[in-house]
Amino acid sequence: PRLLRAQIWYPAAGRPQAGNSRPAAGPFPLNVFAPGFRQCGTPCARLLQAWASTGFVVAVVNFPHSDCLVGAR
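All of the points below concern the structure found in this document. (Residues numbered from 1 in each chain as written. Predicted model: local features only at pLDDT ≥ 70, side-chain atom pairs only at ≥ 80, totals over all residues. Heavy atoms only, no water.)

1. What to know about the overall build of the protein chain
Next, step 1: Counting secondary structure elements, the protein chain contains 1 helix and 3 strands.
Next, step 2: Secondary structure elements in the protein chain, listed N-terminal to C-terminal, are β-β-α-β.
Next, step 3: A fraction of 71% describes how many contacts in the protein chain between residues 6 or more apart in sequence connect residues 24 or more apart.
Next, step 4: Put simply, the protein chain shows about 5500 Å² of open surface, and 56% of that area lies on carbon and sulfur atoms. (Helix = DSSP H or I, 4+ residues; strand = E, 2+ residues; numbered from the N terminus. Contact = heavy atoms within 4.5 Å. Areas by Shrake-Rupley, 256 points an atom, 1.4 Å probe, with all protein chains shown as cover.)

Here's what the structure looks like:
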């Protein structure tokens, strides 16, 4: 079995403050972001945050054995 880790970005309620933001009430559309071979979602954090700030829930999936850490393990 393999573990598939995902990072979830939610639209924030009100004005987000460092460490104080909470998810807004939904429902919201879902955008699943799957980086390509030997890529991870972290370098795209500003884009993913922008999508979440416009009302999308964003799920970022880094696939094991083919993400940006291939060769570093």
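2. Some words on the nonpolar core
Note on soluble globular proteins: their nonpolar side chains tend to be buried together.
Next, step 1: Counting 6 residues, the largest nonpolar core consists of Trp-9, Phe-33, Leu-48, Ala-52, Val-58 and Val-60.
Next, step 2: At the level of elements, α1 (45–53) and β3 (57–62) are the ones that each hand at least two residues to this core.
Next, step 3: Look past the residues within four positions of Ala-52 in its chain and what remains in contact with it is Trp-9, Tyr-10, Pro-11 and Val-58. (Core = buried A, V, L, I, M, F, W, Y, C linked by side-chain atoms within 4.5 Å. Buried < 20%, exposed > 50% of the residue type's maximum accessible area, 1.4 Å probe, protein only.)

3. Some thoughts on the packing of aromatic side chains
Note on aromatic pairs: each is described by the distance of the centres and the angle between the planes.
Next, step 1: Under the defined criterion, the tally for this structure stands at 1 aromatic pair.
Next, step 2: Judged by centre distance (6.0 Å) and plane angle (65°), the ring pair of Phe-33 and Trp-51 falls under edge-to-face. You can see Phe-33 sitting in strand β2 (residues 30–33) and its partner Trp-51 sitting in helix α1, a full 18 residues away along the chain.
Next, step 3: What makes Trp-51 partly exposed here is its relative accessible area of 25%. (Phe/Tyr/Trp six-rings, centres within 6.5 Å; stacked < 30°, edge-to-face > 60°.)

4. A word on the environment of Gly-41
Next, step 1: With respect to the helices and strands, the residue Gly-41 is situated in the loop between β2 and α1.
Next, step 2: Measuring from C-alpha to C-alpha, the distance between Gly-41 and Val-60 comes to 6.2 Å, with 19 residues separating the pair along the chain.
Next, step 3: Setting aside chain neighbours within four positions, we find Gly-41 in contact with Phe-33, Pro-35, Leu-48, Val-60 and Asn-62.

Don't take any of this as a statement about function, it's just geometry.
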